[in-house]
Amino acid sequence: MSKTTHVTANPQAALELVSGYSLEMTGKDVPGLMEAKDSIPAGTKINVTFLGNEDLEMRVAAANAVRESGFVPVPHISARRLSSRAQLEEFLSRLQDVGATESVFVVGGDPATPEGPYEDSYDVIRTGLLRDYGVKEVSIAGYPEGHPDISNEVLWRALEEKSLSLAQQNLKATILTQFAFDTDPVLEWIEQVRARGIDSTIRIGTPGPAGIKRLLGFARRFGIGANAMIVKKYGFSLTNLMGTAGPDTFVTDLSAMLAEAQAPEGAKSGPVKLHFYTFGGLLATADWAREYVRAQS
């Protein structure tokens, strides 16, 4: 596990950024949740993914396990994996039965061809069904480093359309980003979001501590910039792939940059928190966060 060994130059900014972090797990990660639950702050939001190799029962059981453990489940709804409106309603109904619909994350999903009537997350949002099943907050995706298959113009238009639709439905919006290694494009993207008049909380995604090979594998899969300069800035080298890496440098640098942006002459960044992709496991990430906070306190 990556260890934090020093106090940051701006510990207050670092504490503000890390506090209230969210996590991610799959339907198969319930044993890992049980292992990590004593290390995770009560009330933490934990996203539950909607993967093609998991079924309804597994997704609902995982969301229920999150809630019963004292955390806030944020089930993913993968638009392109839904075969019909009826399947969407069945999923929402089952989640509502276990008290897991207050917060959801609506995302397009991976299939190149939609399995049903929903081309993207906006199609799901504009059905108006979410409120009917008790949803109060909807997370939508953000891409600070772009998307390998979608133009920036389309990404910005989608973000604006989804934000407007959620506001019109009186649903709270949160923007949750793809994971990043480089703080510079993240800060630039945050400033662009605010310049477009979108004031929702932004949760910047970054990996929790994990093996370097595993991190690079996910980076390639999702089109994330991971060249030698960027990963060295993040805290590891491409010449040594056998070790682990954690988000210490990324979090420290981003918190300092955000604090500077909030200064009187800076471009206001608005509310920003962290979302950890737990490629190295829930426990490793929760322990890292606890040690990082302890080092700043």
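Residues numbered from 1 in each chain as written. Predicted model: local features only at pLDDT ≥ 70, side-chain atom pairs only at ≥ 80, totals over all residues. Heavy atoms only, no water.

## Describing the sheet that holds strand 7 (residues 201-207)
Part 1 of the reasoning: With respect to topology, eight strands assemble into a closed barrel ordered 1-2-3-4-5-6-7-10, the strand pairing being parallel. This sheet shows a mean twist of 30° between the axes of neighbouring strands, independent of strand direction.
Part 2 of the reasoning: Across three bridges, strand 4 (residues 103-107) lies against strand 5 (residues 137-142) in parallel orientation. Note on strand 5: the bridge partner recorded for Phe105 is Ser139. (Pairing = 2+ DSSP bridges. Helix = DSSP H or I, 4+ residues; strand = E, 2+ residues; numbered from the N terminus. Axes fitted to C-alpha atoms, helices over the stretch in contact; angles between N-to-C directions.)

## Notes on the environment of Ser163
Part 1 of the reasoning: Looking at the element boundaries, Ser163 is found in helix 7 (residues 152-168).
Part 2 of the reasoning: The buried category is assigned to Ser163, whose relative accessible area is 14%.
Part 3 of the reasoning: The spacing of Ser163 and Ile140 is 23 residues in sequence and 8.3 Å in space, taken between C-alpha atoms.
Part 4 of the reasoning: With residues up to four places along the chain from it excluded, the contact list for Ser163 reads Ile140 and Ile198. (Buried < 20%, exposed > 50% of the residue type's maximum accessible area, 1.4 Å probe, protein only. Contact = heavy atoms within 4.5 Å.)

## Notes on the packing of helix 1 (residues 11-18) against helix 11 (residues 248-261)
Part 1 of the reasoning: Look at helix 1 against helix 11: their axes get within 8 Å of each other, and the N-to-C directions meet at 105°. By the angle class used here, helix 1 and helix 11 are roughly perpendicular. From helix 1, Ala13, Ala14, Leu17 and Val18 reach across to helix 11, where they touch Val251, Leu254, Ser255, Leu258 and Ala259. (Parallel < 35°, antiparallel > 145°, perpendicular 65-115°, else oblique.)

## Regarding the nonpolar core
Part 1 of the reasoning: Ranked by size, the top nonpolar core spans 67 residues in total, and within it Ile77, Val138 and Ile204 carry the most contacts.
Part 2 of the reasoning: Of all the elements, helix 3 (residues 56-68) adds the most residues to this core, at six residues.
Part 3 of the reasoning: In contact with Val138, other than residues within four places in its own chain, are Val104, Val106, Ile125, Leu130, Leu166, Leu171, Lys172, Ala173 and Thr174.
Part 4 of the reasoning: Ranked by size, the runner-up nonpolar core spans 16 residues in total, among them Ala141, Ala210, Leu216 and Phe218. (Core = buried A, V, L, I, M, F, W, Y, C linked by side-chain atoms within 4.5 Å.)

## Things to note about the packing of aromatic side chains
Part 1 of the reasoning: A full pass over the atoms with the stated rule returns nine aromatic pairs.
Part 2 of the reasoning: Taken together, a centroid distance of 6.1 Å and an interplanar angle of 25° make the contact between Trp156 and Trp189 stacked. In this pair, Trp156 is assigned in helix 7 and Trp189 in helix 8 (residues 183-195), connecting sequence segments 33 residues apart. Grouping residues by exposure puts Trp156 and Trp189 together as buried.
Part 3 of the reasoning: Taken together, the ring pairs connect Tyr21, Phe276, Trp288 and Tyr292 into an aromatic cluster. (Phe/Tyr/Trp six-rings, centres within 6.5 Å; stacked < 30°, edge-to-face > 60°.)

## Considerations on the pairing of strand 7
Part 1 of the reasoning: With six of seven residues buried, strand 7 is to be regarded as a mostly interior element.
Part 2 of the reasoning: Here strand 6 (residues 172-179) runs beside strand 7; their pairing, made up of four bridges, is parallel. Bridging from a neighbouring strand, Phe179 pairs with Gly205 of strand 7.
Part 3 of the reasoning: A crossover links strand 6 with its parallel partner strand 7, the connecting element being helix 8, and its sense is right-handed.
Part 4 of the reasoning: Taken together, the six bridges between strand 7 and strand 10 (residues 272-277) define a ladder with parallel strand orientation. Note that in strand 10 the partner of Pro207 across the bridge is Tyr277. (Right-handed = clockwise from strand over helix to strand, strands pointing away.)

## Description of the pairing of strand 4
Part 1 of the reasoning: Most of strand 4 is tucked away, with five of its five residues classed as buried.
Part 2 of the reasoning: Neither face of strand 4 is exposed, since Ser103, Phe105 and Val107 on one face and Val104 and Val106 on the opposite face are all buried.
Part 3 of the reasoning: Here strand 3 (residues 72-78) runs beside strand 4; their pairing, made up of three bridges, is parallel. When the sheet's bridge partners are listed, His76 is paired in strand 4 with Phe105.
Part 4 of the reasoning: Viewed along the sheet, the connection from strand 3 through helix 4 (residues 85-97) into strand 4 turns out right-handed.

## So, helix 8
Part 1 of the reasoning: When the terminal C-alpha atoms of helix 8 are compared, their 18 Å separation across 13 residues agrees well with the 18 Å that a helix rising 1.5 Å per residue should span.
Part 2 of the reasoning: Burial in helix 8 covers these residues: Thr183, Val186, Leu187, Trp189, Ile190, Val193 and Arg194. Along the axis of helix 8, the buried positions cluster into a sector of 160°, meaning they face one direction only.
Part 3 of the reasoning: The N-cap residue of helix 8 is Asp182: its side-chain oxygen and the backbone nitrogen of Asp184 are 3.3 Å apart.
Part 4 of the reasoning: Gly197, located one to two residues past helix 8, shows a positive phi value of around 80°. (Expected span 1.5 Å × (residues − 1). Arc of directions from axis to C-beta. Polar contact = N/O pair within 3.5 Å; in protein donor to acceptor, adjacent residues only side chain to side chain.)

## Structural notes on the pattern of salt bridges
Part 1 of the reasoning: Per the stated rule, a full pass over the model turns up nine salt bridges.
Part 2 of the reasoning: Of the charged contacts in the structure, one is a salt bridge between Glu137 and Lys45, with a shortest N-O distance of 2.6 Å. Placement of Glu137 in strand 5 and of Lys45 in strand 2 (residues 45-48) is noted, with a sequence separation of 92 residues between them.
Part 3 of the reasoning: Residues Glu291 and Arg294 are paired through a salt bridge, measuring 2.8 Å at the closest nitrogen-oxygen approach. Here Arg294 and Glu291 lie together in helix 12 (residues 282-296), a separation of three residues that amounts to about one turn.
Part 4 of the reasoning: Assessed through its relative accessible area of 28%, Glu291 is described here as partly exposed.
Part 5 of the reasoning: When its relative accessible area of 51% is taken as the criterion, Arg294 is described as exposed. (Salt bridge = Lys/Arg side-chain N within 4 Å of Asp/Glu carboxyl O.)

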